[in-house]
Amino acid sequence: MNKTLTRRAFCISTAILSLTALMTGVSQQALAVDETIRLGLVSPMSGPNARYGAFSLHGAELAVKEINDAGGIDGRKIEIFSADSQGTPVEGVSATRRLIDQDKVNYIIGDVSSSVTLAMQPVAEDAGVLLLNAASSNPKITYGAGVGGYKWTFRNYPTDENRALIVAKYAAEQRGFTKFAVLSVDSDYGRSAITFTKKYLPDFKGEIVSEDYYKEGEVDFRSVLAKIRDNGAQAIIMYGLADTTPIIARQMLELGLAGKVTLIGNGEFNTEKTIKSAPKVLEGAVEAAAWLPAFDSPESKAFVEKFTAAYNEAPNNHAYVHWDTVHLLAQAIKEAGSPDQAKVRDALSKIKYKSAVGEVTFDDHNQARLPMILLQIEDGKPSIKGAYAADIQYPTN
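Right, let's walk through the structure included here. (Residues numbered from 1 in each chain as written. Predicted model: local features only at pLDDT ≥ 70, side-chain atom pairs only at ≥ 80, totals over all residues. Heavy atoms only, no water.)

Digging into the nonpolar core
Step number 1: Among the nonpolar cores identified, the biggest contains 107 residues, and L225, I236, L263, I264 and F303 are the most heavily contacted of them.
Step number 2: With 10 residues, helix α13 (residues 317-336) is the largest single contributor of residues to this core.
Step number 3: Contacts of I264, omitting those with residues within four sequence positions, involve V167, A171, F177, F180, A235, I236, I237, M238, F269 and V286.
Step number 4: One finds V42, A83, A95 and I100 within the second-largest nonpolar core, a separate group that totals 16 residues. (Core = buried A, V, L, I, M, F, W, Y, C linked by side-chain atoms within 4.5 Å. Buried < 20%, exposed > 50% of the residue type's maximum accessible area, 1.4 Å probe, protein only. Helix = DSSP H or I, 4+ residues; strand = E, 2+ residues; numbered from the N terminus. Contact = heavy atoms within 4.5 Å.)

Things to note about the packing of aromatic side chains
Step number 1: The final tally for this structure, using the stated rule, is 12 aromatic pairs.
Step number 2: Arranged with centres 6.3 Å apart and planes meeting at 80°, the rings of Y189 and Y239 form a pair that is edge-to-face. With Y189 in helix α7 (residues 188-200) and Y239 in strand β8 (residues 235-239), the pair connects residues that are 50 residues apart, well separated along the chain.
Step number 3: Look at Y189 and you get buried, because its relative accessible area is 17%.
Step number 4: With centroids separated by 5.8 Å and ring planes inclined at 50°, the aromatic side chains of F303 and F307 adopt a geometry described as tilted. Of this pair, F303 and F307 both sit in helix α12 (residues 298-311), four residues apart, roughly one helical turn. (Phe/Tyr/Trp six-rings, centres within 6.5 Å; stacked < 30°, edge-to-face > 60°.)

Looking at helix α2 (residues 50-69)
Step number 1: The terminal C-alpha atoms of α2 lie 28 Å apart, and with 20 residues this matches the ideal 28 Å at 1.5 Å per residue to within 8%.
Step number 2: Phi turns positive one or two residues past the end of α2, at G71, with a value near 105°. (Expected span 1.5 Å × (residues − 1).)

Focus: the sheet that holds strand β1 (residues 37-43)
Step number 1: Taken together, five strands build an open sheet; the order of strands is β2-β1-β3-β4-β5 and the sheet is parallel. In the strand order of this sheet, the two ends are held by β2 (78-84) and β5 (153-155), each with one partner. Pairs of neighbouring strands in the sheet enclose a mean axial angle of 25°, with direction left out of account.
Step number 2: Strand direction decides the pairing type here: strand β4 (residues 130-133) and β5, joined by three bridges, are parallel. Bridging from a neighbouring strand, L131 pairs with T153 of β5.
Step number 3: α13 rests against β1, β3 (107-110) and β4 of the sheet, and its axis sits at about 155° to β3. (Pairing = 2+ DSSP bridges. Axes fitted to C-alpha atoms, helices over the stretch in contact; angles between N-to-C directions.)

Regarding the side chain of H365
Step number 1: The topology assignment puts H365 in the loop between β12 (359-362) and β13 (368-369).
Step number 2: Of the polar contacts made by the side chain of H365, one reaches the backbone oxygen of Y143; its length is 3.3 Å.
Step number 3: If we skip the residues at most four places from it in the chain, H365 touches T142, Y143, A145, G146, V147, G148 and Y394. (Polar contact = N/O pair within 3.5 Å; in protein donor to acceptor, adjacent residues only side chain to side chain.)

Describing the pairing of strand β9 (residues 262-266)
Step number 1: Counting buried positions along β9 yields five of five residues, so the element is predominantly enclosed.
Step number 2: Because side chains alternate across β9, one face comprises the buried residues T262, I264 and N266, and the other comprises L263 and G265, equally buried.
Step number 3: Bridging between β8 and β9 involves five bridges; their strand directions are parallel. Each residue of the ladder has a partner; that of A235, found in β9, is T262.
Step number 4: Between the parallel pair β8 and β9, the chain is carried across by helix α9 (residues 245-254), and the sense of this crossover is right-handed.
Step number 5: Two elements, β9 and strand β10 (residues 286-289), share two bridges in a ladder whose sense is parallel. The residue of β10 that forms the bridge with I264 is V286. (Right-handed = clockwise from strand over helix to strand, strands pointing away.)

A word on the packing of α2 against α12
Between two packed helices, the angle of one axis relative to the other and the distance separating the axes together describe the packing.
Step number 1: Their axes nearest at 11 Å, the elements α2 and α12 cross at an angle of 110°. Comparing their axes, α12 and α2 come out roughly perpendicular. Along its contact with α2, which presents F55, H58, G59, E61, L62 and E66, the element α12 presents F303, K306, F307 and Y311.
Step number 2: Looking at the contact of α2 with α12 residue by residue, the classes come out as five nonpolar, two polar and three charged. (Parallel < 35°, antiparallel > 145°, perpendicular 65-115°, else oblique. Nonpolar A, V, L, I, M, F, W, Y, C, P; charged D, E, K, R; others polar.)

Quick word on the side chain of R345
Step number 1: Mapped onto the fold, R345 is located in helix α14 (residues 341-350).
Step number 2: Residue classification places R345 among the buried positions, given a relative accessible area of 15%.

What about the packing of α13 against α14?
Step number 1: The contact between α13 and α14 brings their axes to 8 Å, and the two run at 110°. For the element pair α13 / α14, the angle class is roughly perpendicular. Of the two possible hands of crossing, α13 and α14 adopt the one that is right-handed. Touching L328, L329, A332, I333 and A336 of α13 are K343, V344, A347 and L348, all from α14. (Left-handed = near helix turned anticlockwise from the far one by under 90°.)

As C-alpha cells, then:
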C-alpha cells in the first residue's frame, strides 16, 4: 500500500515538475514577446506616393536600428511592422486595422497623406492605440485631437497653417510680392494649404489673381502656365508633389517664365533633382520645410551621413521626420518607465525632446511645437534664411 502510494506520489510529483517547467517556458516565451515593442508604420508603399513611403520606412528602420544597437529601450527591442496605405483613406484604414488586430502593434506611426491620417484617427481611438503622425500637415488632424477629441492622436510635424503663414509673410515682406497665382495639387494637402494662405494674404496686402489645381499624374501644364504668364502674377503658390515640380519647372522655362515668376510654397524645390530640372526657374524659389539635408546641426549632419551610407542615397524630408519621430517615441517610452500606452501618452504630453532642428513640446491638442526652416534657392543651391515657429490658432467652436 505504502509502496503504491509512493510510486503514485512520485509520478504526480514528476508530472507537476514537468508541467511547471513547461509553464515556465511558456511564461518566458510570453515575456520575451511582451518585451518586444511592436511598432506599426502606415505609409504609401505603392501607388503615386510610393517614393514617400519608401523614404518613410527607411528613416524609421534606421532609427530602430540605432535604438536596438544601443540596447533598446530599457532592454526592450523595437520591431517594425509596415503596412501599405496606397495613399488612400480606404486602404489606410484597412492597413491600420491589420496592424492592430493581426500584428498586435503597441503604437502606429502614419500616414504621409493627411486624408489617410484623418481616416485612421477614429480607428486608433476606438482601439486605444497611440497614433503618432510624422508627416501629415492638415491642421484638422490636431484640431480634432487632444482637448479637441481624439486623445490617442499626436503629431510631430508642422501644419499647413504654420507653413502658409511663414511663406506668405516672407514672400510679401522680404520679396515684395503682392500678386499670386495658385497651382497646387488637388488633394487635402494642396487645397488646405491654399485655404490658409488666403487667410493670411490680406494681412500682407496680397491677392490671388488665378487659382488652379492639378491631379496626381498630370504632365501638361502649359495652358495654365500661359494664363499665369499673362495675368501679372509675380509668384506661383505651389503646394505640390515632388515628382511633378520638375515637370512644371521645365514647362515654365519653355513658356518664358524663368526669372519672371517665382515658385513659393512647398514642392521639394530644394532637392538637387528639382533644381537641375530647370535652374533658371528654380532660382529664387521660396520654401518652408520641416527639415533640410543642408540644415547645420550635429544631429542633422550625423543623420544624413548614416542614412546615405545605409541606403546609398541622400535622405529627404520624409526620411528625416520618420527617423526623428521614432526617436521621439523611444524617449517617451523611456520617460514613461513602461511601454504601457496610457503612460506613454502622458509622457508625450509633457515631453521636452531635443530634435535636430530644435526643442519639441506638445500643446493641448497634441500638436508639436517645433520650428520650420525657411529657405530660398540662390545660385542653384538652397540657402537657409532661418527657422521660424508659429502657434496654431485653433477654431473657437
